[in-house]
Amino acid sequence: EGPTWAFAGTYRICWCGNDATLKGCQSPHDFLTPIGFLEVTGPGVLPFAAQMFTCIRSRQCELTGLVGTQPAFSKLLVARGLCGAPALPGMPRKGQSLPSVDGRHYTWGAERVLSNPGRYALCWCAAITSCDGYQDFESYAAVLQVKAPTASPISFFCPLGQICNITGIQGEGLNDGDRVMVLTKCGDAVVDLETFPSGAGSLATFDTGGSFTIPAGERAGKYQICWCAAEQLCLNSVDYSVTLGRLTIGGPDDSVTYRCFEWEPCSIEDLEGQLLSDGDRLMVVADGTDCLGGAAEPQVGFPNGAVSLPATSSGKHFTWGSGLVRVPPGIYALCWCHAPYNNGSCSVEGPFDVPGGVLRIGDSKEFQYVTRPEDNPPREGDDAIALLLAVPLPLLFFGAICFGIKKLIGRKMKHQDETRNPWAVKRGLDSIQKRSKMRGEVQEVAETRASISRMADSKARTKDLRPKDGLLALYSMLRQHGA
C-alpha cells in the first residue's frame, strides 16, 4: 500500500519460495529466481536532487528534457505547495500543461506566466489515468523556477556623457547573462539613437545579475531601465519588456572650471548642467580624484568640511558658508550629489559619486584685480558723437590743405613783387624838384666856403696854421657833405 517512490525505470522481479531457505524469504539474497520485469513510469527523481526548469515571468512557459519514463500525452501541473495541492495562481491553463507529445517536452500554451517569482513543485499525471483536477497530479516531477526581478531602486542616475553602473537589482534566478536596455518605454520598438548613437543595451552584467553597465548618454533626459532574461532571446528592444526603474541622465557639466580665492568665502553662482535640483551638494576634493569610484575624500583646509550647503536656485547656486578658503592656490576637483536620487536630500556624507567640474583657487593679487572698481560705463550717444566728429574731419583736412596751398602761392607772389625789375624805367625829377635841389647844393657850397674862411682866419691869428691842418679840415667837411 502507499505510493511508489522508486526512480522511474525498468526493474527485474525476483521470486523466493517459502521453503527455499531455513529462515524463509527475509533478505534480498533469498530472491534468486527471476520471473519478469517491472517498469516504473514517471519522472526521474533522486532522493537529494531534483530536476529544475525555468520560466520567465510575463513570458510563455515551455520546458524540454524532463528526465524519466513518462509516456506520451502525460501532463504537468505547477502546484502552490506539495503535489496534490491546488495550482499556483497566475499560471496559464490553471497550472496544467498541454498533453506532452513525447513525455519530455511540455508547454502551457500562448498565455503568459503571471505568477510571483519563486520556486514551485512540478507534479506529474500519467495519460493512463484521468488528469482533470489538481488532485490527480500526485507524483512529484521537478522544480519550476519563475524567474524575474523582485526588487530594485525606484530611480537610477547616470552622469551626462559618461558610462555608469546601476546596482541593487534583486530577484529570483538572476544571472550574469541577463541584460538591460535604456528605453523611453519598456517593450517599445523605438530606441533613442540621438541619446545612444551606439546602442542603448547594457555593456556588461555582474554581481550575479544584480548590476549592469549602461552606455553613455549624449543628451539629458528621463528613461526606463528595461530587463531581459538570459534564457530568452534579447535581440530587439521589444524583448526588454520588464521595467526595473527610472533612469535620469543629467548632472553638472564636468568640463567647466569655476573660481574662488584664497582667504575669501567661496560660492558658485551658476553651476552649468542639466536636471539639477535644489538640495544638491558639492564636495571639493584633490585634483585627479575619481568621483565615480565613490571613495572621494574632502579637501582639508576648505570651509564647511569641503562640503557645500544645499543648493538653491534650481540647483545652480552653491556656497560653502562664510568661512575662508585656506587651501593653496591651484586646481581642485568637484564631486556632486543629486538630491532626488537620495530620497530628496544629500547629507554631508553624500554620496558624492558624480563629477561636478573643476574649481580653481586664485591668489590675493588676482582677487584684488577682479574686485577693483569698475570703469565708468559708456555714456549714451557716445557712438553718435564720434560719428558726427568723424564726418567733417575729411572736409576740415581738405580745407587745411587748400589754405596751405593758397598761403604758399601768396608768399611766392609777394617775393616776386619785391624783386627789382632790371627792365623797369626810372622816372626823372620834375622841374620844381630840380630847382629845389640846385638851391640846396648852392647853399651847401656857400656854407662850406664860409667855414673854411673862418678856420683860416683863426689859424692865421694864432700863427700856428699849417698846410696839413687845412687839408684835414677841408677833407672832413667834404665827407660830411657827402654823407
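What counts as what
Sequence positions are assigned chain by chain, starting from 1 and proceeding in written order. Local features in this predicted model are restricted to residues whose pLDDT is 70 or higher, and side-chain atom pairs enter the listing and the counts only when it is 80 or higher, whereas totals over whole chains, interfaces and linings include all residues. Side-chain measures were taken over the full set of non-hydrogen atoms in the model, leaving aside hydrogen atoms and water. In this scheme, a residue with accessible area under 20% of its type's maximum is buried, one over 50% is exposed, and one in between is partly exposed, where area comes from a 1.4 Å probe on protein chains only. Numbering of helices and strands starts at the N terminus; helices are DSSP runs of H or I of at least 4 residues and strands are runs of E of at least 2. The rule for pairing is simple: two strands pair if DSSP sees at least two bridges between them. Nonpolar cores were defined as sets of buried Ala, Val, Leu, Ile, Met, Phe, Trp, Tyr and Cys residues, with membership established by side-chain atoms within 4.5 Å. When a carboxyl oxygen of Asp or Glu lies within 4 Å of a side-chain nitrogen of Lys or Arg, that pair is called a salt bridge. Axis definition: a line fit to C-alpha positions, over the contact stretch in the case of helices; interaxial angles, taken between N-to-C directions, run 0 to 180 degrees. Cysteine sulfur atoms that come within 2.5 Å of each other are treated as a disulfide pair.

How should I be thinking about the pairing of strand β23 (residues 354-362) in this particular structure?
Looking along a regular strand, one sees the side chains alternate between the two faces of the sheet. The buried count for β23 comes to seven of nine residues, which makes it a mostly enclosed element. In terms of strand pairing, strand β17 (residues 257-261) meets β23 through five bridges, oriented parallel. Each residue of the ladder has a partner; that of T257, found in β23, is V358. As defined by bridge partners, strand β22 (residues 330-337) adjoins β23 across seven bridges and the pair is classed as antiparallel. Bridge pairing links I331 to R360 in β23.

Which parts of the structure should I look at to understand the nonpolar core?
As a rule of thumb, soluble globular proteins bury nonpolar side chains together. Grouped together as the largest cluster of nonpolar side chains are 34 residues, with contacts concentrated most on F302, W320 and L359. Looking at this core, the element that brings in the most residues is β22, giving six residues. With 27 residues, the next largest nonpolar core counts L174, F196, I225 and C234 among its residues.

Before we go on, may I ask you to explain the pattern of salt bridges in this structure?
Two side chains that carry opposite charge are able to pair once their charged atoms sit near each other. Inspection of the entire model under this criterion finds eight salt bridges. One salt bridge connects R119 with E172, and the closest N-O pair in it is separated by 3.1 Å. Placement of R119 in strand β7 (residues 118-125) and of E172 in strand β11 (residues 170-172) is noted, with a sequence separation of 53 residues between them. With a relative accessible area of 53%, R119 lands in the exposed category. In this structure E172 comes out as buried when scored by relative accessible area, which is 19%. Across the pair E194 and R219 runs a salt bridge whose closest N-O atoms are separated by 2.9 Å. Of the two residues, E194 is situated in the loop between β12 (179-183) and β13 (204-206) and R219 in the loop between β14 (211-214) and β15 (221-228); the sequence distance between them amounts to 25 residues. Accessibility expressed as a relative area gives 55% for E194, which makes it exposed. With relative accessibility at 39%, the residue R219 sits in the partly exposed group. Sharing partners across several salt bridges, the network here consists of K147, D178 and E231.

I'm lost on the sheet that holds strand β10 (residues 164-166) in this one. Help?
Two strands in a sheet stick together by hydrogen bonds in their backbones, pointing the same way (parallel) or opposite ways (antiparallel). Strand order across the open sheet formed by three strands is β10-β14-β13, with antiparallel pairing between neighbours. Each edge of the open sheet carries a strand with a single partner, namely β10 and β13. Strand-to-strand twist across the sheet, computed as the mean angle between neighbouring axes with direction ignored, equals 25°.

Whenever I open this one, the state of the cysteines confuses me. Can you help?
A covalent bond between the sulfur atoms of two cysteines is referred to as a disulfide. Counting across every chain of the model gives 10 disulfides. Disulfide pairing places C16 opposite C25 at an S-S distance of 2.0 Å. Here the disulfide of C16 and C25 is left-handed, its torsion about the S-S bond being about -90°. Residue classification places C25 among the partly exposed residues on the basis of a relative accessible area of 28%. For C228, the disulfide goes to C234, at an S-S distance of 1.9 Å. Disulfide C228 to C234: torsion about the S-S bond roughly -85°, handedness left-handed. By relative accessible area, C234 is classed as buried at 16%.

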